[in-house]
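If you want the building blocks of each chain, they are given just below.
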Protein chains: 2
Amino acid sequence: MKIKYTLIKKEGQTDARLGTIETNHGIYETPMFMPVGTKANVKMLIPEELKSIGSGIILANTYHLWLRPGEEIIAEAGGLHKFMNYKGPILTDSGGFQVFSLAKPKDITEEGVTFKSHIDGAKIFLTPEKSIEIQNKLDSDIAMSFDECPPFPVTYEYMKQSVERTIRWAKRGKDAHKNSQQSLFGIVQGGEFEDLRKYSALETTKLDFDGYSIGGTSVGEDKPTMYKMIEYSTKHLPPDKVRYLMGVGEPEDIIEGVIRGIDIFDCVLPTRIARHGNAFTKQGKINLKNQQFKKDFTPLDEYCDCYTCQNYTKAYIRHLVTSDEALGGRLLSIHNIRFLIKLTEEIRNAIKKDKLLEYREAFYLNYKFRKK
Amino acid sequence: MKIKYTLIKKEGQTDARLGTIETNHGIYETPMFMPVGTKANVKMLIPEELKSIGSGIILANTYHLWLRPGEEIIAEAGGLHKFMNYKGPILTDSGGFQVFSLAKPKDITEEGVTFKSHIDGAKIFLTPEKSIEIQNKLDSDIAMSFDECPPFPVTYEYMKQSVERTIRWAKRGKDAHKNSQQSLFGIVQGGEFEDLRKYSALETTKLDFDGYSIGGTSVGEDKPTMYKMIEYSTKHLPPDKVRYLMGVGEPEDIIEGVIRGIDIFDCVLPTRIARHGNAFTKQGKINLKNQQFKKDFTPLDEYCDCYTCQNYTKAYIRHLVTSDEALGGRLLSIHNIRFLIKLTEEIRNAIKKDKLLEYREAFYLNYKFRKK
C-alpha cells in the first residue's frame, strides 16, 4: 500500500499543517520528527526504546546499506524491517546526499554519478534506476528519488542545469519504480533561487509523487536563507501531499519549518550531540562535561518523561560521559530524540489551538541559541 | 544488615554447593555470576536489562570510582545504588587489584601502597583503612579487604611476606570497618603454594569475615595451576560462609570453580569480548566478524532466551559489528552475560540432581576451547 497523507487542519496564523500519514506500519501524526537509523539502527538504541519515546517513521541510509551489508543480504533477510527488527515505518533516502557529501563524486554525467566508496575507495556508479532498485530491495515504506544535492553556494547557471537534470532523474526513477507498491517521494532543489525552487517544485509535482522532499538545505547556508528556501518550495507544493524537509533538526528549525508548511523532519543531531555529551533542554543545549553538573543530582529536564530523565541525574550522566562510558551516549540519545519528538507533539497542540506563533515566542524566550 | 549465606545442599560427587545469599537488596541463589559494572555501570547496559537476564549482585570498582567521580560525590548522591539506579546488591572490590595491575605501584610499604593514577599520573596513597573508608562511602552491600595481589610467578619468599602483610592489612581493614553494617570479605592469597594458601585461609578466617574471596588467580598462571590455587584455598574455608573467586569468568572456569567449592564469580569477559564482536555459545566463542555469518539469519543461540536471541540474527549483529555500530556490542553484551548466568542456573540444577560431573562432561563435549 502507498502511504496516505491526510491534511486535518491548517493553522490559523501560519502555513503550518496538522495531518496524519498512513503507512503499512501504522498511522502517525504530522508534523513529525524522524530519528535517523543510518546503518539499520538508530545509534545505540533498540526499536522498543524508540517506540517508548514516541518515534514514528525512522530513516535509513541507502548509500550506507548498499555498501554494507549490501541490499541483497537485507532482501534475503526479508527486508529492512525484519533485518533490523523495526516494526514501524521506514523511509530510505536515495543515496544522493551521501554520494555528494561523503564519497565526493568523481564524475557527474547525465547517466549518473561515479564516486569512490568512503569505506575502501572502490569506484562505484549510482544512477536514478539503481537507487530505486536498491530501495526496492531494502523494502522501505517510502523511497526517495535520486537527486543532485549541490553545496552552498553555487552559481545560478550551475543550479539551473542541476535542477533540470534532477527533474530528468526523478522521471527516470519514477519509471523504474512504476510497478512497486513502495511509496516514492520527489525532491525539490534549486538552492536559494526563488525561480528555480518554483520551477523544481512545479516540474516535480507534475510527475505526481506520493510526497515531496525539500533538499539542498543544511548544506552551508545561513538560517534566514534556509527558511527562504523552504518558503520558495512549499508554496508550490500540493496541499494533499506530505512535505519532508531533509536533514534538518535543530529545535528552532523544526519550529520555523512547520510554520512554513513542513510535515516531516529528520536529523542525526540528537544522537550525534549525545555521543559528545550534549543534551537538548528548553533552555538550550547543555554539555554534561561541564564542571557545573558535577554535583547536580537533578534530571536533564525535570518535566521530561523519557527513561533517562525518570531515572538518572546530570551528575551520573556527567560521570559516564567524562569516563567515556558509552551508556552516557545511550541515555543522552534517548533524551535528545524524545526532546525533538515532544517538541513536535507540542507543535501539533499549538496548531490545533491556532497558537503556533505564541508557542514559538514562548520557546524562543527560554531557549539559548548556539553562537554562530 | 550483613549478608547471610545459607548452604542449602552439597553436591554428591564434588565440592560444589547450592546456597542462597540474603542481602539488603534481595535474596539470590548461588553459584552465581556477577556482571562487572566497573565505573558504576555495566558497560552499555541499564539495570532493567540486567534484571531481565537474571543478574543478582553486580560488582563495581572502588579504584575507578575513587578516582572518578570520587566517593564524596557518590555519597552525596545517596550511595552507589542511587547514583547508578541499581536496585540489586552491589559488591565493591578493594581497589587493590587495579592498583597492582593498572596503576603500577610505586612503592609498597607496611602502611600502604603509593601509586600513580592511570588517568592523570597523580601520586596517590591507598591504605587498608582508606579502602574501607571509600567503600563505606560508596555504600555497597559487600566490601572487600585491601590485599596485595602479586603477579604470577613470584618467589616463595616474596609470596610468604606478601601473604603475611595481606593478613595484617585484613586485620587493619576489619578494625576500620567495625562500626559498619556493610558486609566485609577477607581475601585468601598465597599464589600456587599450597602451604601459603592454607596459612592465608586459616589466618584470614580467624578474623571472622562475612565471606571469603580467593584472589591471585587470573594473573598469568595456567588453568591447572589456577584450579589448584582454588582447591588449596576452599578446603580451609568455613562451610557456612560464601566463597567468591575474583576475576574469573570463562565458562569452563566457572564449572571447575564450582566443582571446587566456589559460590560467586565475576569477570569483565562477557562485556569485553562483546565489544570486540564475540559471542559465547555452547559450541564455544564465535566472532561475528567472520564471513560465515554474513547470511546467517539465525540467532546467536537458538535455545537462548535473551532479548538479543529473541529478536536479532547473526547476520544483523555481524552487520552492526563490522560497521562499528555500538548497538552490536550492546546486543552481544546482553547475550554474553545471559550466557554465563544461564550457565550458573544449569549448574545449580545439576547440583540439585547430584549430576555436576555429568553436566561438565556434556558441556565439554560440545564446547570448543580457545587455543592457548
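For the structure, check the block above.
Residues numbered from 1 in each chain as written. Chains lettered and ligands numbered in written order. Predicted model: local features only at pLDDT ≥ 70, side-chain atom pairs only at ≥ 80, totals over all residues. Heavy atoms only, no water.

Chemist: Teacher, can you tell me more about the overall build of chain A here?
Modeler: Helix and strand counts for chain A come out as 15 helices and 16 strands. The C-alpha extent of chain A, read off along each of the three principal axes, is 60 × 50 × 40 Å. Counting the 372 residues in chain A, one finds 62% classified as buried. Counted over contacts in chain A with a minimum sequence separation of 6, partners at least 24 positions apart contribute 67%. For chain A, the distance from the average position of its 54 positive side-chain charges to the average position of its 50 negative side-chain charges is 3 Å. (Helix = DSSP H or I, 4+ residues; strand = E, 2+ residues; numbered from the N terminus. Buried < 20%, exposed > 50% of the residue type's maximum accessible area, 1.4 Å probe, protein only. Contact = heavy atoms within 4.5 Å. Lys, Arg positive; Asp, Glu negative; His and termini not counted. Charge placed at Lys NZ, Arg CZ, Asp CG, Glu CD.)

Chemist: Help me out: how do you make sense of helix α6 (residues 128-138) of chain B in this one?
Modeler: Every α-helical turn comprises 3.6 residues, leaving residues that sit three or four positions apart pointing alike. Residues and elements named next belong to chain B. Residues Pro128, Ser131, Ile132, Ile134, Gln135 and Leu138 constitute the buried set of α6. Seen from one end, α6 has its buried residues packed into an arc of 160 degrees, which puts them on one side. Among the residues trailing α6, Asp139 stands out with phi positive, at a value near 60 degrees. (Arc of directions from axis to C-beta.)

Chemist: Explain the environment of Asn61(B) to me, please; I cannot follow it from the model alone.
Modeler: Residues and elements named next belong to chain B. Looking at the element boundaries, Asn61 is found in the loop between β5 (58-60) and α2 (62-67). Separated by 56 residues in sequence, Asn61 and Tyr5 have C-alpha atoms that sit 23 Å apart. Residues contacting Asn61, with those up to four places away along its chain left out, are Val36, Gly37, Thr38, Asp93 and Gln98.

Chemist: Help me understand the packing of helix α10 (residues 251-259) of chain A against helix α15 (residues 356-366) of chain A, please; the structure alone is not making it clear to me.
Modeler: All names here are of chain A. Closest axis-to-axis distance for the α10/α15 pair is 11 Å, and the angle between their directions is 165 degrees. By the angle between their directions, the pair α10 and α15 is classed as roughly antiparallel. In this structure, the crossing between α10 and α15 has a hand that is left-handed. Here Pro251, Glu252, Ile255, Glu256, Val258 and Ile259 of α10 come into contact with α15, specifically with Leu356, Leu357, Tyr359, Arg360, Phe363 and Tyr364. In the contact of α10 with α15, the residues fall into 9 nonpolar, no polar and 3 charged. (Axes fitted to C-alpha atoms, helices over the stretch in contact; angles between N-to-C directions. Parallel < 35°, antiparallel > 145°, perpendicular 65-115°, else oblique. Left-handed = near helix turned anticlockwise from the far one by under 90°. Nonpolar A, V, L, I, M, F, W, Y, C, P; charged D, E, K, R; others polar.)

Chemist: Explain the interface of chain B and chain A here, please?
Modeler: It is common to give the size of an interface as the accessible area that goes away when the parts come together. Across the boundary between the two partners, chain B contributes 36 residues, which contact 36 residues of chain A. Of the roughly 3,200 Å² buried where chain B meets chain A, counting both sides, 54% is carbon and sulfur surface. Looking only at chain B, the three residues that lose the most surface to chain A are His319(B), Glu325(B) and Arg330(B), adding up to 17% of its buried area. At the junction of chain B with chain A, the criterion picks out 8 salt bridges. The salt bridge partner of Lys43(B) is Glu325(A), with a shortest N-O separation of 2.5 Å. Joining chain B to chain A, the criterion identifies 22 residue pairs in polar contact (both at pLDDT 80 or more). (Buried area = accessible area lost by both parts, 1.4 Å probe. Salt bridge = Lys/Arg side-chain N within 4 Å of Asp/Glu carboxyl O. Polar contact = N/O pair within 3.5 Å; in protein donor to acceptor, adjacent residues only side chain to side chain.)

Chemist: Would you take a moment to explain helix α7 (residues 156-177) of chain A for this structure?
Modeler: Residues and elements named next belong to chain A. The terminal C-alpha atoms of α7, which comprises 22 residues, lie 31 Å apart, in line with the 32 Å expected from a rise of 1.5 Å per residue. Inspection of α7 places Met159, Ser162, Val163, Arg165, Thr166, Ile167, Trp169, Ala170, Arg172, Gly173 and His177 among the buried residues, and these make up the whole buried set. Contact partners of the buried residues in α7: β7 (105-108), β8 (113-116), α6 (128-138), β11 (183-188) and α8 (194-206). (Expected span 1.5 Å × (residues − 1).)

Chemist: I'm lost on the pairing of strand β2 (residues 17-23) of chain B in this one. Help?
Modeler: Residues and elements named next belong to chain B. With 6 of its 7 residues buried, β2 lies for the most part within the structure. Two successive antiparallel strands, strand β1 (residues 4-10) and β2, enclose a turn made up of 6 residues. As judged from the 5 bridges shared by β2 and strand β3 (residues 26-30), these two strands associate in the antiparallel manner. Directly across from Glu22, in β3, lies its bridge partner Ile27. What sits between the antiparallel neighbours β2 and β3 is a turn of 2 residues. (Pairing = 2+ DSSP bridges.)

Chemist: Quick question: what am I supposed to make of the sheet that holds strand β2 (residues 17-23) of chain A here?
Modeler: By definition, the strands of a sheet pair up through backbone hydrogen bonds, in either a parallel or an antiparallel sense. Residue and element names in this part refer to chain A. On the basis of which strands lie adjacent, the open sheet formed by 3 strands has the order β1-β2-β3 and antiparallel pairing. Edge positions in the sheet fall to β1 (4-10) and β3 (26-30), since each has one partner strand and no second. Across this sheet, the average inter-strand angle for adjacent strands is 15 degrees, counted without regard to direction. Pairing between β1 and β2: 6 bridges, direction antiparallel. Bridge assignment links Lys4 to a residue of β2, and that residue is Glu22. Strand contacts of helix α14 (residues 326-352): β1, β2 and β3, with the helix running at about 125 degrees to β2, the strand carrying the most contacts.

Chemist: What is the right way to read the packing of aromatic side chains from this model?
Modeler: Between two aromatic rings, the relevant description is the distance of the centres plus the angle of the planes. Residues and elements named next belong to chain B. What the rule picks out here adds up to 24 aromatic pairs over all chains. Taken together, a centroid distance of 5.1 Å and an interplanar angle of 80 degrees make the contact between Tyr156 and Phe193 edge-to-face. Highlighted residues: Tyr156 in helix α7 (residues 156-177) and Phe193 in the loop between β11 (183-188) and α8 (194-206), separated in sequence by 37 residues. The class of Phe193 is buried, set by a relative accessible area of 17%. (Phe/Tyr/Trp six-rings, centres within 6.5 Å; stacked < 30°, edge-to-face > 60°.)

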